[in-house]
There are 2 protein chains.
Amino acid sequence: MITKNQIKYIQSLHQKKVRQQEGLFLVEGTKNVLELLHSDFSVKVCYATESFCIDNEKLLQKLQISPEIVPADVLERMSTLANNHTALALVQAKENLVLHAQNEWVLLLDNLQDPGNLGTIIRIADWYGIKKIVASAQTVELYNPKVIMASMGSFTRVAVYYCDLSEYTNTIPNKKIYAAALNGASVYEEKFGGEGYLIIGSESHGVNDKLLARVGCSIRIPRRGGAESLNAAVATAVLLDNIFRG
Amino acid sequence: MITKNQIKYIQSLHQKKVRQQEGLFLVEGTKNVLELLHSDFSVKVCYATESFCIDNEKLLQKLQISPEIVPADVLERMSTLANNHTALALVQAKENLVLHAQNEWVLLLDNLQDPGNLGTIIRIADWYGIKKIVASAQTVELYNPKVIMASMGSFTRVAVYYCDLSEYTNTIPNKKIYAAALNGASVYEEKFGGEGYLIIGSESHGVNDKLLARVGCSIRIPRRGGAESLNAAVATAVLLDNIFRG
């Protein structure tokens, strides 16, 4: 049986400070936990309700995983979600390993602040087959529960590396770097090759000037109506769709 | 000076039931309130902090609007937002008027549930110049504060009509109706004209079968990677981009 201290420990991991001290994070909800169990992440403990275990009996057997069973109301107390009555896993964070493009497209994120946006961008990257994201040090933390949630399991297939983006881009030829900018060239006119880097700026300030100076080409999504801008995740999807549609 | 009862009245409009009884809704935050003041919506009262009025002095003079000044902490109590220290307006809801396409594209929303998604879709529609959205009666309420917030002012330029979507589509020739579906034809292969209807389904169930039977063509966004699906708002943007890029 789970103890009060164990519940408290899980709850303490709702905080970034504790996650970073412990090198651990939480994965919550059916979709995310099932994708996690199929991934190469190291799962410390998986807590689940009896009904989750019944619903996924064959899969858990196949993967040789026996979740620690907890009542639904206890799981809810441990979870950051309002209605998590399925599963929650305690998982080891991965090392922050350098990522470079190898004949592929890589996303660069410049100070993205909203966790929902980061999670959604990871899901979009995964949809379009992007496996690597490089984020500025000020970008929202990958292991924020809202990021993991919004990624809908795609955090298991897309690696994120945090670093100083200006230094990082110094090692890349300018012509390979594209940036999303409202005053860039129309993305419909551009010819894209099979590799490159696409920089997405922060929600409020776009891509910073120092980075823009490193960019070979700024691109925009042509606007037909009245909205001033698109949400950062939405813009990422439309740009990637244009890059990959060929 | 604002009274306790006025504050309570504004707070009561955080609830859908009260909004519908009163035929009123709230618009919050700088961007949304400024766009509202430029629109044809009938504003009952505009509450704002002194600093909002100073920052927007010329505009308020030009529009001949004198907000009722409230302290920042009082505005925050009235607002559904955690940190609204700028403005909040009490606005008359519009009548639910029938919308039909007139040589234009119209979005149809089948039971979309998430207010953030609806607001983001309104912003996307506005970006691509779509002026009309028709939503099933079970779709989340347009005047939900989270919808208004996520629309970033675009609710002033895009009209939303709620009705029975099956009945509505009965009056439209099938060949004009497209639906987003994971097993549809590639959107890259399709030729789109200058008018039509695009149906977006609910986050969990997609477009319902009864509606799908009315559709001339189901379309999908080709997937290259591992994610099972895209978020409903993200998919809407990518499909509209393909429709309008010509």
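Residues numbered from 1 in each chain as written. Chains lettered and ligands numbered in written order. Predicted model: local features only at pLDDT ≥ 70, side-chain atom pairs only at ≥ 80, totals over all residues. Heavy atoms only, no water.

### Section: helix α3 (residues 30-37) of chain A
Consideration 1: Extensive coverage of α3 of chain A is indicated by the burial of six of its eight residues.
Consideration 2: For α3 of chain A, the complete set of buried residues consists of Asn32, Val33, Leu34, Glu35, Leu36 and Leu37 of chain A. (Buried < 20%, exposed > 50% of the residue type's maximum accessible area, 1.4 Å probe, protein only. Helix = DSSP H or I, 4+ residues; strand = E, 2+ residues; numbered from the N terminus.)

### Points about the side chain of Thr169 of chain B
Consideration 1: Looking at the element boundaries, Thr169 of chain B is found in helix α9 (residues 165-169).
Consideration 2: The contact partners of Thr169 of chain B, leaving out residues within four places of it in the chain, are Leu108, Ile177, Leu211 and Arg214 of chain B. (Contact = heavy atoms within 4.5 Å.)

### Thoughts on the relation of the copies chain B and chain A
Consideration 1: When chain B is brought onto chain A, the operation consists of a screw motion whose angular component is 180° and whose axial shift is 0.0 Å, with 0.0 Å RMSD remaining. Here the two chains are linked by the operation of a two-fold rotation axis.
Consideration 2: The share of interface residues of chain B whose copies in chain A are also at the interface is 100%, consistent with both copies meeting through the same surface. (Least-squares fit on C-alpha atoms with pLDDT ≥ 70 in both.)

### Description of the interface of chain B and chain A
Consideration 1: On the side of chain A, 30 residues touch chain B, which itself brings 30 residues to the contact.
Consideration 2: Taken as a group, Trp127, Arg224 and Arg245 of chain B account for 28% of the area that chain B buries against chain A, more than any other trio of residues on that side.
Consideration 3: Run the count over chain B and chain A and you get two salt bridges.
Consideration 4: For Lys31 of chain B, the salt bridge identified is with Glu228 of chain A, shortest N-O distance 3.1 Å.
Consideration 5: Taken together, chain B and chain A are joined by 24 residue pairs in polar contact (both at pLDDT 80 or more).
Consideration 6: Mapped by element, the contributors of at least two residues to the side of chain B that touches chain A are α7 (115-127) and α11 (232-245) of chain B.
Consideration 7: Counting residues per element, the side of chain B that touches chain A draws most heavily on α11 of chain B, which supplies seven residues. (Buried area = accessible area lost by both parts, 1.4 Å probe. Salt bridge = Lys/Arg side-chain N within 4 Å of Asp/Glu carboxyl O. Polar contact = N/O pair within 3.5 Å; in protein donor to acceptor, adjacent residues only side chain to side chain.)

### A word on the confidence of the model for chain A
Consideration 1: Looking at chain A, the pLDDT average stands at 96 and 100% of residues meet or exceed 70.
Consideration 2: Here the predicted complex carries an ipTM of 0.95, next to a pTM of 0.95. (pLDDT = per-residue confidence, 0-100.)

### Describing the nonpolar core
Consideration 1: In this structure, Leu198 of chain A together with Leu198 of chain B are the most contacted members of the largest nonpolar core, which totals 117 residues.
Consideration 2: When residues no more than four places from it in sequence are discounted, the contact partners of Leu198 of chain B are Trp105, Val106, Leu107, Leu108, Tyr178, Ala179, Ala180, Ile219, Leu239, Leu240 and Ile243 of chain B. (Core = buried A, V, L, I, M, F, W, Y, C linked by side-chain atoms within 4.5 Å.)

### Points about the packing of aromatic side chains
Consideration 1: On inspection of all chains with the given rule, the structure shows 20 aromatic pairs over all chains.
Consideration 2: Ring centres of Phe25 of chain A and Phe155 of chain A lie 6.2 Å apart, and the angle between their planes is 85°; this geometry places the pair in the edge-to-face category. One end of the pair, Phe25 of chain A, is in strand β1 (residues 24-28); the other, Phe155 of chain A, is in the loop between α8 (145-151) and β7 (159-163), and 130 residues separate them in sequence.
Consideration 3: Note on Phe155 of chain A: relative accessible area 4%, which makes it buried.
Consideration 4: Summarising the aromatic geometry, the rings of Tyr178 of chain B and Phe192 of chain B are spaced 5.2 Å apart at their centres and angled 55° between planes, so their arrangement reads as tilted. Of the two residues, Tyr178 of chain B sits in strand β8 (residues 177-186) while Phe192 of chain B sits in the loop between β8 and β9 (196-200), which places them 14 residues apart along the sequence.
Consideration 5: Taking the ring centre of Phe41 of chain B as reference, the NZ or CZ of Lys94 of chain B above it sits at 4.3 Å. (Phe/Tyr/Trp six-rings, centres within 6.5 Å; stacked < 30°, edge-to-face > 60°. Lys NZ or Arg CZ within 6 Å of the ring centre and 35° of its normal.)

### Topic: the pairing of strand β9 (residues 196-200) of chain A
Put simply, side chains in a regular strand alternate between the two faces of the sheet.
Residue and element names in this part refer to chain A.
Consideration 1: Counting buried positions along β9 yields five of five residues, so the element is predominantly enclosed.
Consideration 2: Bridge count between strand β5 (residues 105-109) and β9: five bridges; the pairing is parallel. Bridging across to β9, Leu108 finds its partner in Ile199.
Consideration 3: As paired elements, strand β8 (residues 177-186) and β9 share three bridges and run parallel to each other. Residue pairing for β9: Ile177 is matched across the bridge by Tyr197. (Pairing = 2+ DSSP bridges.)

### Observations regarding the sheet that holds strand β4 (residues 87-92) of chain A
Consideration 1: One open sheet holds the four strands; their spatial order is β1-β4-β2-β3 (chain A), and the pairing between them is mixed. The outermost strands of the open sheet, each flanked by one partner alone, are β1 and β3 (68-69) of chain A.

### Considering the environment of Leu239 of chain A
Residue and element names in this part refer to chain A.
Consideration 1: Its location among the elements puts Leu239 in helix α11 (residues 232-244).
Consideration 2: Judged by relative accessible area, which is 2%, Leu239 ranks as buried.
Consideration 3: The sequence separation of Leu239 and Gly184 amounts to 55 residues, and the corresponding C-alpha distance is 12 Å.
Consideration 4: Among all residues touching Leu239, those that are not within four sequence positions of it are Ala180, Val187, Leu198, Ile200, Ile219 and Ile221.

### Some thoughts on the state of the cysteines
Consideration 1: Using the criterion set out here, one finds zero disulfides over all chains in the structure.
Consideration 2: Here Cys46 of chain B is not cross-linked by a disulfide; its sulfur's nearest cysteine counterpart is in Cys53 of chain B, at 7.3 Å. (Disulfide = S-S within 2.5 Å.)

### Quick word on the packing of α7 of chain B against α11 of chain B
Residues and elements named next belong to chain B.
Consideration 1: Interhelical geometry of α7 versus α11 gives an angle of 15° and a closest axis separation of 9 Å. The pairing of α7 with α11 is recorded here as roughly parallel in orientation. Taken as a pair, α7 and α11 cross one another with a handedness that is right-handed. Taken together, the residues of α11 that come into contact with α7 (itself represented by Asn117, Thr120, Ile121, Ile124 and Ala125) are Ala232, Ala233, Thr236, Ala237 and Leu240.
Consideration 2: Of the residues in the contact of α7 with α11, the class split is seven nonpolar, three polar and no charged. (Axes fitted to C-alpha atoms, helices over the stretch in contact; angles between N-to-C directions. Parallel < 35°, antiparallel > 145°, perpendicular 65-115°, else oblique. Left-handed = near helix turned anticlockwise from the far one by under 90°. Nonpolar A, V, L, I, M, F, W, Y, C, P; charged D, E, K, R; others polar.)

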